Every structure is written in C-alpha cells, then in structure tokens.
Amino acid sequence: MPSHLQSNELVFFVNGKKITEKNADPEVNLLSYLRKIRLTGTKYACGGGGCGACTVMVSKYDPISKKIRHYAVTACLLPICSLHGAAVTTVEGIGSTRTRIHPIQERIAKGHGTQCGFCTPGMVMSLYALLRNHPEPSPQQLTEALGGNLCRCTGYRSILESSKTFCAESNCCQMKGTGKCCLDQEENPTLLSHQKNDICTQLFTKEEFQPLDPTQELIFPPELLRMADDLNKETLTFYGERVTWISPATLKELLELKVKYPESPLVVGNTSVGPAMKSKGHVHPVLLSPARISELSMVTNTNDGLTIGAGCSLAQVKQILTDEVSKLPEKKTRTYQALLKHLRSLAGQQIRNMASLGGHIISRHGYSDLNPILAVGNTTLNLVSKEGRRQIPLNENFLAGLANADLKPEEILESVHIPHSDKWEFVAAFRQAQCQQNALPDVNCGMRVLFKEDSDTIADLSIFYGGLGSATVSAQKSCQQLLGRRWNALMLDEAYRLILDEVSLPGSAPGGMVEFKRTLIVSFLFKFYLGVLQELKKMVKMTSLPNNHRYPDISEKFLSALEEFPVTISRGVQAFQVDPTQSPNDPVGRPILHQSGIKHATGEAIFCDDMPVVDKELFLALVTSTKAHAKIISIDASEALELPGVVDVITAEDIPGTNGTEDDRLLPVDEVLCVGHIICAVAAESDVYAKRAVEKVKIIYEDQEPVIFTIEDAIRHNSYLSCEKKLEQGNVEEAFENVDQIIEGEIHVGGQEHFYMETQRALAIPKVEDQEMEIYVSSQDPSHVQKTVSSTLNVPINRITCHVKRVGGGFGGKVSKPAVYGAITAVAANKTGRPVRLVLDRREDMLMTGGRHPLFAKYKVGFMNNGRIKAMDVQCYINGGYTLDDSELVIEYLLLKLENAYKINNLRFLGRPCKTNLPSNTAFRGFGFPQGGLVMESCITAVAAKCGLPPEKVREKNMYKRIDKTIYKQAYSPDKLLRCWNECLDQSSYHSRKAKVEEFNSKNYWKKKGIAIVPMKFSVGFGATSYHQAAALVHIYTDGSVLVTHGGSELGQGIHTKMIQIASRELKIPMSYMHFCETSTATVPNTIATAASVGADVNGKAVQNACQILLKRLDPIIKKNPEGTWEEWVEAAFEQRISLSATGYFRGYKANMDWEKGEGDPFPYYVDGAACSEVEIDCLTGAHKNIRTDIVMDASCSINPAIDIGQIEGSFIQGLGLYTLEELKYSPEGLLHSKGPDEYKIPTVSDVPEELNVSLLASSQNPMAIYSSKGLGESGMFLGCSVFFAISDAVTAARKERGLMEDFMLNSPATPERIRMACADRFTEMIPIDDAETFKPWCIPIA
Ligand SMILES: Cc1cc2nc3c(=O)[nH]c(=O)nc-3n(C[C@H](O)[C@H](O)[C@H](O)COP(=O)(O)OP(=O)(O)OC[C@H]3O[C@@H](n4cnc5c(N)ncnc54)[C@H](O)[C@@H]3O)c2cc1C
Ligand code: FES
Ligand code: FES
C-alpha cells in the first residue's frame, strides 16, 4: 500500500499528556516509542513479552459497559497503532523525585526490593495496575500480578515483602488457612529464636510508609471519554513504510476488509503475530485491528453454556469463568474449572491482559493451554463473514488445520460457545512446564469422559494433548475404542497402550525431552483416571447405586497423585545483629536503603541505553556466524550497504590497532569458531535499519573439521584450552587400599546463562581532538574496556575514558565481554567519525556471550562404613567454548574450592578446560565453586547412601572440626562453619522436620518430600595481591558536600551505598552530605574488575583511607574550633589552603598461589554458611515445590544488613535456578535453542520457597576486612544446592519405595524431566525407548 497516502491521526495519552501522531508507523511498538520520547523508565530486556521489564498500564474506556479498564501490558509487544483512544501510564507518570513519589515506588525502594533496579519500573507498574483495580489485593492476586515480571537480582522476597504491605491481611500469612500468622511470635519458632535484645528482624519500618490514596491517581482523560462516545466513528488507517494498519469501526466494514485482504491477520493482543513477525521476519503488508468492534467482546449466557466474544482478553475470560463458576452448580462448570486452572498459569498477567481468546484459538499453537480443554469441552466457533454466519466445532480437524474444518480466508471468529458440563461428565486439565508460572508447557492436556447415566460405563471420551508437536493432537481413535468400557483398571491398561500407540512422538521431536513427554502422556491419564474414580465414588455415596457399581477403593496413599501444588506467596524472617551502643549518627551496620533505590523505582535511574541520543549517532548491529567451525570465504556487504539508512560495514580490516589476540580475535579474519561468532557489524541511522541490513550481509563459508561441542568429544579430540591443573594431598593410592568401600561415578552439571536484565550495551563518542574517545558501557571492569579500546584503536590509554553509571546486573557476565562490544563500537565510531550505540538484543546476547561453564566430573571415593571419607580422586572438565577467556582461572578456582567444608586427608583434584566450538564461557558468580561444590556434595550423598547413613551425618563426620590446612595448605578455622551448621540445624528444626518428612513419605506414594542441609566454606577474593588493590578519590567542596569516587562498578550490589556509609562514618558527617556520580577511568585509573565478592571490601578500604587523609588535614582546624560545624571547618580549610581532595589507596590483601607446588594462601578470608531446604515433588510429573529454606550465613559485622541479606537471597535464588531450572539447549549443529525467557527459564516469583528465613551469624568478627565485615556477593549461590539435594532426597524416597537403587546420581539441573525420569515406575517402563542411533536429537548435552 503506498505510503504517501494520508494517515489518520493517532490520538492517545501518555501520563496525562495528549499525543497526536500524524505518521504513526504500525511496525513501531510502544516500548521504542516511549524511549524515543525520552520516557526511558520503561526498559527493554527481552522484546518478546517474557520478562515484564517494559510493563506499563493501559486504560481504555468501554462505551458499552461504560467502564474504564486499567490493565498492565508489555510495551514491547504493543503496536502504537492499537492505542488510539487509550491512556498509557508509565513509571514516570505515577511519581518522581521531582514531584512526589508514589507509595508503590516508596515501598519497593524502602523495602529493599531493588538491587540493580533494571526490573524495578516493570515491577512497579505491574503493582500499580493491580492496585488500580484492587487497592487491597490478596496475596494470591499479588503473586499473579508479579508472575510475568522477572528479576535476576533480588530473589523476589524483598519485592514481595514490600508489596505485601498493600494487602488487607498484609501482616498475616494465615499459615495455610489456620487463621494464625507466622509473625505471631508464639507461632513462629524462627522468630522466637531471635528474641534476644541485639537481634533485629526488621529491615524496614512500615510505619513510615505513605498510605495508598487511590484518589490521587491520574484520572482517565475526559477527552478520551468523549472520543469513545463519539458515534461518528470511521475507519482509521495508519500507513507505515512497509505496513498499513486498518482499524474499522463496524463489523460490516471489517468483514469487507477481510474480503479485500484475506491474507491479512487480525491483530488483537499481538502476542502471537508480533513475536512471529520479529523472529521469523514476517512482514504483513496490511494488519486489521478489530479493537473497536463491539460484537467481538459480547458475552452471552445461554441455557446450555456460555458464549464469549473472540476479542475478550484471556484475563477477561478468566473473570467471566470465575463468575460463572461461583453462580452455577458445580456439575455444570467442570469445563470452566479446567480452563481456569490453566488460565492461572498461562503466561504472565500482562500477556493474559493483552492476548485474546480468538487470537489464542486461531493461532493454534501446538503448546496451547486452552485449545485441548476447549476441544474436549465440545466448544463451537461462531464464524462470521460478509456471506453470513456459521458454526464449526473446535475439534481435532480444526486443530489439525484441515481446510474443510477451518475458517475461510474472508471469515473471522466472532465468538466461542463453551457448553456447560453434565452431571455424569468429568473434565480435567493437566500441564507440566519447566516452572510453575510464566512458562510454556512441556506437555498439557484436556480430558473429558461422559458416563451413561447412573453408571461407570463410558458413553463418550475425548483426550487432547498439547506440547507434542506443531499442533494440538487428539487421541480420538483410542477414545473411540474405549467407548462402552467400564471405568476400571482394565480399561486404564488398555487406554495406556492405545494412546501411546496413537499419540506417538518421534525421537527427534522439536523441544526434545521425548521420553519425559511420553511418560507425561500416560501419567496425566493416570491422574485423570484416579480423579474421575474419586468423583464417581462421591456420586455413589450420593445416589447409592447398586452394588455392581461399586468402585475399587483407592488407598489414601495413592490419592496424593491428585493434589496440585498451590501457587503461594513467600514469607519468612530476616535476622541480623545490631549494636545497641552504636551512635545513632553512624550509618554503618544499618539496613540503609540503596542509594539509587528510589530512582530505580521512579525510572529516573539512568542506564547506558537511557542516555539521550547524541547528535549524528549511529546504531550498530552485529553479523554473526551461522556455522560452528568454518573458513570465511567471502563477506559480501554490497546489498546491505544499498539499504536505506545504512552508513557502513565494519570488518577486521577497519581495526587500526590490535585485533584481539592470536587465539581470540575481536573480529575474525578468515575463520569462525562457533555459531554466534561475531564476523562484522553494520552501522546505520537507526536500530531498525541496522538490523534489517544485517540480514543482507552474505557470508560464504567452507566447513572445517573437527566440530566439537561436548566435553566428551573434546576429551576424545584432546581439545583443551590450557594444561591440566592439579591439587593433591596425602597418599591417595595408599588410602584407597585401606578403606571399607569405594564408589566410582560421573556427574554432569549444566551451564547457566547470566540473564542480567540489561543486555550488553555500549555507546562510543569520538571527540574532535587528539583521538579522544568517551565510552559509556555496562561493565564490571571499565579499565579493561578502556585498555582494549586503546589497543584496538592504537591510541594511548589516556585518550580513552570509560564511564559506568550503573550496570543492570552483571553476575560475572560483564567482566570480560563488554570490552569486546566496547571495542567494536569504538572501531565503528572511529571509522565513521560519529557516535555509535550498540544494544544487544536478548537473543543475540544469549547466543553470543557464553555463561557459566558446564562441568563433567569423574570421581572415586574411598570411605569407611561409618561414613568417614579417607580418599578422593576427582577429575573435572569444563566446557570452555572456543577461546580461553576466564576458563583457566575458573578451573583453578573450581579445584581450590572443590573440597568445600570437608577435611579429607587424601585428595587428588585434577581439572582442565575443554576447547569446543561453542561461545566462550566466562566468569559467573561463584566462579567454578557452584559446579565443583555440587560434585563434592553429590559424593557425600552417594557415600551416605552406600553406608545407609543420613547425609547430614556423613557431612558432619567429614567436616573440618579444628584449625587445619586446606588442600592448598592455607590455614582454615572452622569455628564459624560449625556455628552456622549448628544454628541452621537448630533454626530449621531439622531433625523434627526430617521425621515429619519421613512420615509424610510413608503415607504418600505419588508425592514425596525431601529435606537436606548443606554446609559451605566459600573462599573470597582473587588469588593474587595485585587484584585486590583499589583506589578512591574523595573531594570535599566548599559548601561541605562530598563527592566520593572509587574504582568499583554499581551492579546492584549496593557498593556505592556502602561506600557512602563508610565515608559518612569516617568523616563523621551524615550520608546526606555525600554523593556518588559515576565510575570513570578518568577519576580513578587502573581499576580491577568489580568481582570475586571483594568489591566493597577493597574499595571500602580505599575510601576509608581517603577520608582519613582528609580528616587528618582537617584535624587542626577542628581542634581549634571544636564547636564549629562541618561547613565552617571546610571553609576554614579552604581559606588556609588545605587541599580538600584526596586519593585513597588500598594495596590489597596478600594472596598467592603456586600451582607448581599446589600450595599458597590464595584467599584473604572465608565466608561460612549453611542452608537447609525442604521440597515436595510430584513423582508423576516431576514438578516440585520449594517449601522452606533456612540460611545461616556468617557476614561478620555487616556494613549494611539489608544489602547483604539481599545478596544472600538473590544469589541463593540464582543458585536455585542453576541447580533446578535453568537449562541451555544446543542443537546438534551447535546453535543455542534457548535464547530468551520463553525457552530459558530463570526463577520467577513463585519459585521462592514458601518460607525463606535468613539469619546473619551473630557475634562474629573478620579482622581482615573493613569494619570486620565480609564480602557476600557470590557465596549464597552455592546454597541453592540445598534445594537440589532436598529434591534428590525426595527422589530417593520414591525410588526406595519402588524397590529401585537408592544410590543413583542426579545430574544438575534437577528439572522436572530429570525428577520424573528418576522416579522410575510402570509409566516410565511402558513408554517406547528409541535406539539413539536411529534419530538425530533436537538438542545435545554439552556438559
Ligand atoms: C510471553 C508469552 C507467553 C505465553 N505463554 C503461553 C502459555 O503459557 N500458554 C499458552 O497456551 N499460550 C501462551 N502464549 C501464547 C498466547 O496465548 C497467544 O499468543 C495469544 O493467546 C494470542 O492472542 P492474541 O490476541 O495476542 O493474538 P494475535 O497475535 O493478535 O493474533 C493471532 C492470530 O489470531 C488471528 N485472530 C485473532 N483474532 C481473530 C478473530 N477474531 N478471528 C479470526 N482470526 C483471529 C490473527 O489473524 C492472527 O493470525 C504466550 C505468549 C507470549 C507472548
Ligand atoms: S522487554 Fe517487554 S517483556 Fe521483556
Ligand atoms: S533488581 Fe531486579 S533485575 Fe536487578
């Protein structure tokens, strides 16, 4: 359609201001639009509706109901053209530091619910939309509202805690319906145990919060009310460069347009069309919007059911069905109840608000959660076209897309009729996903049976499965064959056989997990069978049927198959010690709120890409390899260069200086070594132009051998990145001769994606003079970026200034990688002479950047029958990817930390990083320890199983008991470790709860509980003194205000807050005098990466040093005028020409390691801790519920308990993700499948244990670090494995009952697939198993 045609004006409001867009482009989404008009509070993190970072509220007036609907949406999926007549509220619209902050913004910040702050505006807006509709929400509404918002830093507990203050019963957890509350001291043993004077359990003071006053909210613009009521509505058309958007006012017009443009989709929620256009590059020249067609939102009750307009959103459908269920007798609503079950877990709230029922049905996604239920419920689709109306059934033919059962191109779906169920009809729905909320299902199903009146004879049966392929599949033939059968075990056995035969799944099926999926097919059927049997039994009681209709009794023990895990809201106690004698003016040791907390919550905190567009700025997009190992024969960019807006293509030839190293080129010259290897980059006038041009750069490759992806292959090809590292003590061989038993085995630990919410970003601004360049980057190591840019451009380091204001999450992923992106951006800026911005797409980021190293270990353990381990020989291999990066260091740290908390006299640890054709893996929180520690704990668990001892006894038996030497001969004192362990046992009531777990397990066959307690000895710091040095620069200005600068980057860990607390204590002035501006290589040079948990320790010492120097200079003045004010002293100092600026320096902790000898003092100190977790697993589906976790950690004298507890909780939840959820899936060609939140699941709000208690060990000192504190950035990560071992304990209980081997080895992560398959039973036995040689799998294991 020609773009010179006159578009209608698009009118909508943003934060109460009218926007009239004369040239609205249908391809522009609200997120990019908002960011272009400088409302950068709304963040880009995934672009696919899966993370909630871009959440805003949309308000629309419905002229029929005369109501205004307020709902949260993901701006990244919302076309601006859909907003005509709507009001948008963004985080900036509800409050700001310049006007008044909103109570939500205040509470989330003061409740310590922000760390890096990148997710915070989205969280705030999800809560805001909830409170606009429910000013006093229930805890369940809260969890539902936040289910679509991801946070990678906090672990959610603090967000929930602050949000709960809005709930009516915010102070009461109801203790699972008992009416009692966990905060009631008599009810809570954890709280009771902290009832000592100096232990505090309050991280914030609720009393200081402003009340929520709904009358203060922005009103719906009256002009929009008038617009909505305006009867002279006409078709609106918006012409874009490639796409035209038509929004007709009447059904008649829509149907005419459908005749004219039969291929054009109807865009309602755009949650299906939008992602497809993006990922598959679909361009629809015309999009039809039925938003104003009232017929599509009608809801009608009929005698036999409910007719719902196809345009109703899934959230509206949920409300409509909830109302129906509350009104109608239970027997009529069974289909509705099944739909409601899935509507609670389908996507996040924002998607449910946007997605329509019609769009859902018509999209016919193979994973659809509703279509299987609608199909078994005999749903009818009411179609309309210019020719008239007709009905078609939503049945197997429709779902298979058969032409004669489908809509005609000119037809649309007007409404959907869902009949009531019958007295003798039972409907059920099941679904299993990687996690409970906001995850696409692995397999789902709808099942329905109709019995002949007053009997258990099957009159009708229908079963549909989703998640098994590209379409929902029906077990129609099997169902037909079962008609007339009685509902009993014989029928069930036949049903399994028939269905497995009919609903077959090839070994190569997309999505993988084939055997798991096959098992779910029959497991769900079994659940359905049992559920129906239960219902029939109730009916027998009610109708007293004759004897021949008696049903087999189901033992209580087997009923556990029927219970579902509820979505619950987390609660818990956070305890820390306070010093009652401390001066109230001294902020150190207090839970001070994050310095940027309020700005995070108002959206005013500026991240790299929030910086305004610079004059003449270009956007850079990267071209990456589609081959895992190949020669580059040619790069042809001619077509890309001809596209509009494209300015240049940057290749290795444009690098004026050094192109990386021989083994690790910045841009490759002639060879690519992994899929995702950066080849070249396109610079264009906008991100859209740059990304379009990337598709047009043609690379010709010549495949090379070998192609190595797995550790096993690397070992076979002798493909390593560095030499083998070794640590040894005692005489391992001799010890093996003298033990009672030996076990040998292997364990695999999967990798992990950092999933920092802010993807990698850089902005390079070349200066006119002297080859200077400013680089703004999201980096944990600005000096490394500066050095890399300098060598790449061949200019001295002093010409390059690197700035880091704040980083939206790093976790190790922004230590080495930002230098690559910074340098490529700088090359582009240098070549074009223009500022250049690079913002990686989530999918690109995940494809290219690598993450935590997957590990494969072989172990041999020799032990006595009493559980004492005498000898251990462990060989570890990690998958390093195609370049060295940090892999050698990671393997070193892994070996150093592998022994964890155990003193085993004879040890041999060997390790080597493998070189493969995958993206290079890099630093990640814990740096090898989370993988190595899991190996050690798995060995302990295996020894316990062999000895028939409880694992905690074997742990205790082998734990360090006295000051002793580690494997690398550094002295270690375990007193804190033992205190943490004992307090954790105590606070978690471990032994009594273990007895209860055993009792539960003896009574339940299909559900099992597990409990585990794990100790931790975590060594902090880098293994070299020079890496512990730090510097600071503190200026005092003449008004008395103080500017503090140091070398650490703010990653969300609150480093600047701690530095300001330190400066405040040292200078003895309030924190309000202090300011921190940015980390910059111009103010503090030659900095070390903010990593290894020591950022605050070492920079704190430097800040302390600078402040002490300054105070010393001021001392004579203060002595002379002791009653004077700070401002007077500062003024006097200026008058007396005393320098008010000082650099502070810390030379670093002494640390060394001699790898030749295998000994040294590599770590300045240790952080000890322990965690106890309890879980419940569903043996039939592999799902698990995190019931409770208790953590005791030695933070010594915490500088800021709120920040430190936040670090512990955040890293614990990240660890829980590593060990139980997060799975990287690579194709056999080395392409990462799991490239976004849809395919890669990080923990959501419902994964937080129902009860999460954290205590900081009291009365502990650490003379090594500033104010006797400790660095806690990484250690909590490992404690996530307590959940893994609790799962393993539950699986062991299931296996024991089924007579299977108890000493099995569970690989990490313990996903539903692994849990289900480990709980082997008759279902896992009955499924077909493919011969691995006969098919090509969808994904390959790389660990
Ligand atoms: C992040 C995310 C998570 C998700 N999670 C889940 C999940 O867990 N489970 C699940 O089942 N689904 C999930 N989905 C899919 C979601 O349910 C569907 O995308 C959604 O229901 C489609 O509705 P829509 O209104 O957005 O459709 P649109 O994208 O607007 O349209 C989709 C298609 O339907 C057609 N269409 C729409 N209305 C009509 C009509 N009235 N008549 C004829 N054709 C019509 C359009 O022409 C188009 O082809 C998820 C989606 C996202 C983005
Ligand atoms: S950026 Fe929109 S949902 Fe993730
Ligand atoms: S604070 Fe939530 S992602 Fe960082």
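What counts, and at which threshold
Residues numbered from 1 in each chain as written. Chains lettered and ligands numbered in written order. Predicted model: local features only at pLDDT ≥ 70, side-chain atom pairs only at ≥ 80, totals over all residues. Heavy atoms only, no water. UniProt positions renumbered as here; feature names shortened; annotations may be inferred. Helix = DSSP H or I, 4+ residues; strand = E, 2+ residues; numbered from the N terminus. Buried < 20%, exposed > 50% of the residue type's maximum accessible area, 1.4 Å probe, protein only. Polar contact = N/O pair within 3.5 Å; in protein donor to acceptor, adjacent residues only side chain to side chain. Contact = heavy atoms within 4.5 Å. Pairing = 2+ DSSP bridges. Axes fitted to C-alpha atoms, helices over the stretch in contact; angles between N-to-C directions. Near = heavy atom within 4 Å. pLDDT = per-residue confidence, 0-100.

We now examine the UniProt feature "domain: FAD-binding PCMH-type" (unreviewed entry) in the protein. Feature annotation in UniProt assigns "domain: FAD-binding PCMH-type" (unreviewed entry) to the following positions: residues 238-423. Helix makes up 36% of residues 238-423 and strand 20%, with an end-to-end C-alpha separation of 52 Å.

With that out of the way, let us pick up the side chain of His594. Mapped onto the elements, His594 comes out in the loop between strand 19 (574-577) and helix 20 (597-602). Accessibility expressed as a relative area gives 7% for His594, which makes it buried. Among the polar contacts listed, one links the side chain of His594 to the backbone oxygen of Gln115, at a separation of 3.4 Å. Looking at His594, its side chain comes within polar contact range of the side chain of Glu1050, at 3.1 Å. Setting aside chain neighbours within four positions, we find His594 in contact with Thr114, Gln115, His600, Glu1050, Gly1052, Gly1054 and Thr1057.

Per the UniProt record, "binding site: FAD" (unreviewed entry) is found at Leu266, Val267, Val268, Gly269, Asn270, Thr271, Ser272, Val273, Asp369, Leu413 and Arg431. Taken together, the annotated residues stretch across 166 residues and extend over separate regions, lying up to 28.5 Å apart by C-alpha. Mapping Asn270 onto the fold places it in the loop between helix 9 (251-260) and helix 10 (273-280). Discounting chain neighbours no more than four positions away, the residues touching Asn270 are Leu77, Pro79 and Pro275. Here Leu413 shows up in strand 14 (residues 412-419). Dropping the residues within four chain positions of it, Leu413 is found in contact with Leu296, Ala310, Gly358, Ile361, Ile362, Leu381, Asn382, Leu383 and Leu407.

With that settled, consider the sheet that holds strand 9 (residues 286-288). Strand order in the open sheet formed by three strands is 7-8-9, and the pairing between neighbours is mixed. Each edge of the open sheet is held by one strand with a lone partner, namely strand 7 (236-239) and strand 9. Each strand of the sheet is rotated relative to its neighbour by a mean of 15 degrees, with strand direction disregarded.

Near ligand 1, the surroundings consist of 34 residues, among which Val268, Thr271, Val273, Ser356 and Asp369 are the closest. Within the backbone of Val268, one N or O atom sits 2.7 Å away from an oxygen atom of ligand 1. Separating an oxygen atom of ligand 1 from a side-chain N or O atom of Arg431 is a distance of 3.1 Å. If you list the elements that add at least two residues to the shell around ligand 1, you get helix 14 (357-363) and strand 14.

Our next topic: the confidence of the model for the protein. For the protein, the mean per-residue pLDDT works out to 95, and 97% of the residues sit at or above 70. Confidence drops under a pLDDT of 50 for residues 170-179, and excluding neighbours within four residues, the segment shows 18 contacts in the predicted structure.

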